Amino acid sequence: MTTTVLEVRDVTVRFGGVVAVNQASLTIKQGELIGFVGPNGAGKTTLMRVITGMVKANEGQVLLTGNDLAGMAVNQRIRSGLALAQQIVQPLRAMTLLENVALACGAAKTDNPFTAMLSYERQSENNRALELLSQVGLGEVADQEPAKLPLGYLKRLEVARAMALSPKLLLLDEPLAGLNQSEAKALADLIKNLNLDGLTILLIEHNLREVMRICPKVYVQDQGRSLAFGPTAEIMARADVVQAYLGGEYFDAASQ
Amino acid sequence: MAYEITLITTMAISILFALSLNFITGFCGQISLGHAAFMGVGAYTSAVMLKAGFPFLFTIPFAGTFAGLLGILVGFASLRVRHDFLAITTMGVVFLFVGLVRQQEFLGGEIGISGIRGSPFGRIGFMYICLGLAAVFAMFSLAVKRSWMGYVFASIADNEDISRVLGIDVSKYKLIAFVVGTSTAGIAGALYTQHFRFVGPDSFGFVESVTVLAMVIVGGIGSVWGVAVAAAFLSVMPLLFQFVNDFKILVYGGLLFCMMRWAPDGLAGIVSRWIKRLRSTS
């Protein structure tokens with residue numbers, strides 16, 4: 001039996017009177033690649049933020065490899081095995097791509113400030129960073145600063161930097177958004193390959209074509225609720241999922 | 001000769017003071033408009049202890065500790081407020097400090113504490129102590145900048161939310177920056193007390209806080225040697241040129257404006273651009 005990496009149990013998030021996430025539950029097992037889809041406003045990013053600790057859930061639990069993450073700050077959750085590539089790319093602008101990734105590679109050295117103060121050697125982290133950048137196709141521009149590079153590159157930098165943390169679970173928040181079709185396909189292939197190498201991934205994505213191509217399983221959320229979870233082809237053919245995506249009125253009109 | 005000794009001692013104290021702010025603002029990106037308050041805490045601590053008969057060197061660790069304790073408090077504020085709000089908060093700290101000191105009888109109130117005895121090491125010996133401490137802290141700063149701690153500081157200065165997502169305990173690092181920077185400012189304060197043999201509430205106010213920030217910005221935020229050069233230069237300008245002394249705020253304010261407008265990376269940035277240009281032409 002494969003181990004459970006992440007378990008989200010009945011999470012509810014309210015912003016004032018608005019219920020952004022309503023009793024959402026989700027289980028991810030070791031080695032899975034799960035597409036997390038749902039229409040705009042479904043609460044996908046909010047649930048992701050609950051997992052990373054940027055948003056506090058009003059109810060429910062998040063467990064990473066069986067440990068409750070309640071009360072842990074973002075950085076502690078990262079240390080316990082999560083990594084996040086954000087929807088809006090945020091490189092450290094004063095650093096080169098290599099420095100961006102190498103900093104994440106040095107997690108062992110930055111955990112304790114006093115260890116950090118007494119550590120100077122960066123060679124092994126730089127080597128690993130270059131390896132990761134090459135893996136996402138950025139080896140050539142490793143010494144460039146992010147400001148000069150197009151969005152497609154920065155999206156891949158986000159992925160490389162998240163991988164540098166050697167996570168148990170990689171959270172990707174719309175990595176394909178803003179990319180053209182060939183860029184999106186290339187990055188989707190990369191994500192698929194990472195998963196084939198054994199990395200467990202939760203992928204929030206609007207690009208359904210790519211999700212259906214690379215994800216064996218999908219989790220669908222609508223209006224904050226867990227709508228469906230299972231094999232991709234089967235779920236995406238379900239009437240309620242199609243209705244959630246296309247809107248009730250359209251569906252009613254079409255069915256008449 | 002005595003005049004030169006005074007100039008060099010003043011320079012050394014200013015370098016130490018400016019580098020202490022550089023640790024917080026330059027390395028870790030936390031703006032402070034109230035840094036003189038920490039120097040003031042150190043200066044008053046040392047003054048009271050000297051008056052009570054303690055030896056000068058003995059007062060230095062106390063000056064550093066008390067300033068550092070206040071630094072932890074302000075550091076905690078920096079965990080809650082950022083950027084402009086932190087600037088305003090730290091500005092509040094310096095006004096609060098001056099306001100409180102003015103009311104305290106045992107700190108000399110408005111008049112301050114005067115008649116502090118001279119250094120037992122003589123003027124030259126004291127000058128060497130100041131130069132030595134400034135050099136040690138400059139070396140420490142350079143070492144930290146090169147270390148992984150400096151790397152983390154740079155990431156926090158760049159974008160602290162991203163630092164968190166990379167697993168960095170931003171709060172811990174910020175507090176360390178504040179403690180190191182403010183306790184060093186306290187030590188600079190102890191040197192100030194011994195140097196001028198007088199402390200008063202007006203010596204550690206908002207103007208002095210802006211002056212030290214000007215030193216850091218003119219030198220180049222984060223650059224150790226740039227800040228040291230700027231501090232050395234700007235600290236003696238009012239002593240050398242009467243008009244600078246008369247229009248201190250105007251001169252420093254103008255300099256600050258020009259730097260922010262045309263060379264936000266300060267002297268260090270200007271020089272490194274020159275070097276780059278020279279290399280590319282040769």
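Note that the structure is predicted; figures quoted are calculated from it, not measured.

### Looking at the sheet that holds strand 6 (residues 82-85) of chain A
Residue and element names in this part refer to chain A.
Thinking step 1. Spatial ordering of the open sheet is given by 6-7-8-3-9-10, a layout of six strands whose pairing is mixed. Here the strands that pair on one side only, and so sit at the sheet edges, are strand 6 and strand 10 (225-231). Taking each pair of neighbouring strands and ignoring which way they run, the sheet shows an average axis angle of 20 degrees.
Thinking step 2. Of the strand pairs in this sheet, strand 6 and strand 7 (residues 169-173) are connected by four bridges, and their pairing is parallel. Directly across from Leu 84, in strand 7, lies its bridge partner Leu 171.

### Brief notes about the interface of chain A and chain B
Thinking step 1. Each side of the interface is counted separately: chain A has 23 residues, and chain B has 22 residues.
Thinking step 2. Residue assignment for the side of chain A that touches chain B shows that the elements contributing at least two residues are helix 2 (74-79), helix 3 (97-105), helix 4 (107-110) and helix 5 (113-118) of chain A.
Thinking step 3. Of the residues in the side of chain A that touches chain B, the class split is 15 nonpolar, five polar and three charged.

### Digging into the pairing of strand 4 (residues 59-64) of chain A
All names here are of chain A.
Thinking step 1. As defined by bridge partners, strand 1 (residues 4-15) adjoins strand 4 across five bridges and the pair is classed as antiparallel. When the bridges of strand 4 are listed, Arg 9 appears paired with Gln 61.
Thinking step 2. Across two bridges, strand 4 lies against strand 5 (residues 67-68) in antiparallel orientation. Note that in strand 5 the partner of Leu 64 across the bridge is Asn 67.

### Re the sheet that holds strand 5 of chain A
Thinking step 1. Pairing in this open sheet of four strands is antiparallel, and the strands run 2-1-4-5 (chain A) from one edge to the other. The sheet is open, and its two edges are formed by strand 2 (18-29) and strand 5 of chain A, each paired on a single side.

### Quick notes on unusual backbone geometry
All names here are of chain A.
Thinking step 1. Although it is not a glycine, Gln 23 adopts a positive phi angle of roughly 55 degrees.
Thinking step 2. The backbone of Thr 65 sits at a positive phi, close to 40 degrees, despite the residue not being glycine.
Thinking step 3. Within the secondary structure, Thr 65 sits in the loop between strand 4 and strand 5.

### Quick word on the nonpolar core
Thinking step 1. Grouped together as the largest cluster of nonpolar side chains are 166 residues, with contacts concentrated most on Val 101 and Leu 203 of chain A together with Leu 16 of chain B.
Thinking step 2. Among the elements that make up this core, the one with the highest residue count is helix 8 (residues 170-196) of chain B (13 residues).
Thinking step 3. There are two domains that each give this core at least three residues, and those are domain 1 (1-81 + 167-256) and domain 2 (93-166) of chain A.
Thinking step 4. Sequence-distant contacts of Val 101 of chain A, defined by excluding residues within four places in its chain, comprise Ala 129, Leu 132, Leu 133, Ala 160, Arg 161 and Ala 164 of chain A.

Cut-off values and rules
- Residues numbered from 1 in each chain as written.
- Chains lettered and ligands numbered in written order.
- Predicted model: local features only at pLDDT ≥ 70, side-chain atom pairs only at ≥ 80, totals over all residues.
- Pairing = 2+ DSSP bridges.
- Helix = DSSP H or I, 4+ residues; strand = E, 2+ residues; numbered from the N terminus.
- Axes fitted to C-alpha atoms, helices over the stretch in contact; angles between N-to-C directions.
- Contact = placed C-beta atoms within 7 Å.
- Nonpolar A, V, L, I, M, F, W, Y, C, P; charged D, E, K, R; others polar.
- Core = buried A, V, L, I, M, F, W, Y, C linked by C-beta atoms within 7 Å.
- Buried ≥ 20, exposed ≤ 12 C-beta atoms within 10 Å, placed from the backbone.
- Domains from an automatic or database assignment.

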